[in-house]
Amino acid sequence: MKILVLGSGGREHALSWKLRQSQLTEEIYCAPGNAGIGQEAECLPVDLSNPSEMLDLANRLQADLTVVGPEAPLAAGVVDVFEKAGLAIVGPTGAATRFESSKVFAKQFMHRRGIPTARFTTTEKFDEAIQALKQFALPVVIKADGLAAGKGVVVARTNEEAEQTLDNFMRRKALGSAGDSVVIEEALAGEELSFIVLTDGRSILPLPPSQDHKPLLDHDEGPNTGGMGAFSDDALLDEGLRAEILQRIVHPTLAGMTEEGVLFRGFLYFGLMITHEGPKVLEYNVRLGDPEAQPILMRLRCDLVELFSATHEGTLGAHEAHWSPNPAVCVVLASQGYPGKPVVGKTITGYDLAENMGGVKVFHAGTVFKDHQLITTGGRVLGVTATGEDLAAAIQQVYAAVSKISFEGMQYRRDIGAKAFQRHSGLLGRSSINRVDPAAQNSQKYC
Ligand SMILES: Nc1ncnc2c1ncn2[C@@H]1O[C@H](COP(=O)(O)OP(=O)(O)O)[C@@H](O)[C@H]1O
Ligand SMILES: [Mg+2]
């Protein structure tokens, strides 16, 4: 088969790497891609906001299957355009992207369908928003309705901060039209978890659990970013919690979508808070997370082309996925200035040494090869990923690999996975009692 991957980040590198390993893959292309992806696939330029350009490219390449990584082409309706033209593509339709692109819509959906989430109110009127603050204790969470690149959510500790945030979003238009409407919701306490499923609209295939690290600095300090690292470890979930997430959140969400006329095909991401009352949904994303994709795909032990073909054909229920029981950890190396304006054009050394280490894969994001040198071109540059017998071993191996790599101004977190390791170390120490049996990761039907 000829496979086309759309996107250019670490997630698309992980997808291309895994897709290339399939016996079914004859040719693999990625558009626009990056330097690392260029070693797995042929990279071609494309405008990810222009569906007809992507369709022309797929036709020209005679692609048998196209896989979409990021949100922009999905929101632009690339899946609708391909489906109308009769081309096979994996990803949700433009209409389905509303579950991510409008937090007001997503919260109202959760409320309608009885899906556990933080108590909330929504409004497009500034005065009403100020009044609504009285219904919530502090801290209170203010969310801009629209896409805001990680800048649209504030957990306000004081009334002044809450009012200031509402003023910024709704009156000063700090986020443009994304802040025209807001969600105001109670702050939940607990541990965050990323739970992602692949679905063909009928059946689901849950991926192993993972955790992202959004803030720039160690101990979750500093501004939010696209993600400075992530890890995937079955010890994040025990069987009971996993069953509860599926039963109370995943199945009702997908059944609700179907009943409301949305056939969701692709990756659906549940951003969860595990509270003392059980798991609650913070948000939906309509795609595989980045950097969660890197450690998750590193653990995949079966043919990804088969899974994606089944997703397109609606036969996912007949498939199982197999995962390595070993955890994986991804540490993002970012440019100086990120998440603001990154300083780029720096030479990267040592990445080849890192990649030659056992159980290590270096996924690329903002990189280009120039005169036989690897050069930085963006904010997030590399996602160094390693597996290990347990979380401690994976953490040790990933940081040993990171220590081989350098470029001027390189910044990264030193504590990816550390908090969970400390919290779960007792649990991990008791060998595999609380581990999810990989055989239990099979696909499941929900309707
Ligand atoms: N109700 C809540 N209680 C506590 N923290 C929250 C709540 N909602 C969001 N957060 C925090 O804010 C972060 C961003 O919120 P999220 O809804 O995931 O929006 P986005 O990823 O679009 O910025 C979450 O990862 C979480 O740390
Ligand atoms: Mg989020």
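The structure displayed is predicted, hence computed values, not measured ones. (Residues numbered from 1 in each chain as written. Chains lettered and ligands numbered in written order. Predicted model: local features only at pLDDT ≥ 70, side-chain atom pairs only at ≥ 80, totals over all residues. Heavy atoms only, no water.)

Asker: Talk me through the packing of helix α1 (residues 10-20) against helix α11 (residues 304-313); I want residue IDs and the actual numbers.
Answerer: Interhelical geometry of α1 versus α11 gives an angle of 105° and a closest axis separation of 7 Å. As far as their axial angle goes, α11 and α1 are roughly perpendicular. Residues L15, K18 and L19 of α1 lie in contact with α11, whose contacting residues are L304, V305 and F308. Looking at side-chain class alone, the contact of α1 with α11 contains 5 nonpolar, no polar and 1 charged residues. (Axes fitted to C-alpha atoms, helices over the stretch in contact; angles between N-to-C directions. Helix = DSSP H or I, 4+ residues; strand = E, 2+ residues; numbered from the N terminus. Parallel < 35°, antiparallel > 145°, perpendicular 65-115°, else oblique. Contact = heavy atoms within 4.5 Å. Nonpolar A, V, L, I, M, F, W, Y, C, P; charged D, E, K, R; others polar.)

Asker: Can you break down the environment of L207 residue by residue, with the values?
Answerer: Inspection of the secondary structure assignment puts L207 in the loop between β11 (203-206) and β12 (210-212). Note: C-alpha distance between L207 and G417 (210 residues apart in sequence) is 18 Å.

Asker: Can you break down the sheet that holds strand β3 (residues 42-43) residue by residue, with the values?
Answerer: The strands that make up a sheet pair up through hydrogen bonds in the backbone, lying either parallel or antiparallel. With respect to topology, 5 strands assemble into an open sheet ordered β3-β2-β1-β4-β5, the strand pairing being parallel. Both edges of this open sheet fall to β3 and β5 (89-90), since each of them pairs with a single strand only. Of the pairings in the sheet, the one linking strand β2 (residues 27-32) to β3 comprises 2 bridges and is parallel in character. Counterpart to C30 in the pairing with β3 is C43. Where helix α2 (residues 51-61) meets the sheet, its contacts fall on β1 (2-7), β2 and β4 (65-68), and the angle it forms with β1 comes to roughly 160°. (Pairing = 2+ DSSP bridges.)

Asker: An account of the sheet that holds strand β19 (residues 347-348) is needed here, citing residue identities and associated values.
Answerer: As summarised here, the arrangement of the 3 strands in space is β19-β22-β21, forming an open sheet in which the pairing is antiparallel. Edge positions in the open sheet fall to β19 and β21 (367-370), since each of these has one partner strand only.

Asker: Got a sec to walk through the nonpolar core? Specific residues and values, please.
Answerer: Counting 76 residues, the largest nonpolar core has L4, F195, V250, F270, Y284, L333 and I405 as the members making the most contacts within it. Setting aside residues up to four positions removed in sequence, L4 forms contacts with Y29, C30, A31, L57, A58, L61, A63, L65, T66 and V67. V5, L19, C302 and V305 belong to the second largest nonpolar core, which has 37 residues in total. (Core = buried A, V, L, I, M, F, W, Y, C linked by side-chain atoms within 4.5 Å. Buried < 20%, exposed > 50% of the residue type's maximum accessible area, 1.4 Å probe, protein only.)

Asker: Lay out the domain arrangement of the chain with the relevant residues and their values.
Answerer: The domain boundaries assigned to the chain delineate domain 1 (2-90), domain 2 (119-186), domain 3 (191-220 + 227-318) and domain 4 (328-442). Measuring from the centre of the C-alpha atoms in domain 3 to the corresponding centre in domain 4 gives 21 Å. Listed as interface residues are 32 residues of domain 3 and, on the opposing side, 37 residues of domain 4. In total, about 2,800 Å² of surface goes out of reach between domain 3 and domain 4, with carbon and sulfur atoms giving 55% of it. Looking at the side of domain 3 facing domain 4, the largest losses of area belong to M228, A235 and M298, adding up to 22% of the total buried there. (Domains from an automatic or database assignment. Buried area = accessible area lost by both parts, 1.4 Å probe.)

Asker: Could you give an account of the pairing of strand β18 (residues 328-334), with specific residues and numbers?
Answerer: Counting buried residues in β18 gives 7 out of 7 residues, a clear majority hidden from the surface. The two faces of β18 match: A328, C330, V332 and A334 on one face and V329, V331 and L333 on the other face are all buried. One ladder, built from 4 bridges, connects strand β15 (residues 229-232) with β18; its direction is antiparallel. Considered in β18, the bridge of A230 is made with C330. In this sheet, strand β23 (residues 380-387) lies alongside β18 in antiparallel orientation, the contact comprising 7 bridges. Its bridge partner lying in β23, V329 is registered against A386.

Asker: Would you mind going over the side chain of R299 in detail, with residue names and values included?
Answerer: By the element assignment, R299 lies in the loop between α10 (293-298) and α11. With relative accessibility at 0%, the residue R299 sits in the buried group. For R299, the side chain forms a polar contact with the side chain of S232, separated by 2.8 Å. Ignoring any residue separated from it by four or fewer positions in sequence, one finds R299 in contact with P208, S232, D233, D234, H322, W323, S324, P325, N326, P327 and A328. (Polar contact = N/O pair within 3.5 Å; in protein donor to acceptor, adjacent residues only side chain to side chain.)

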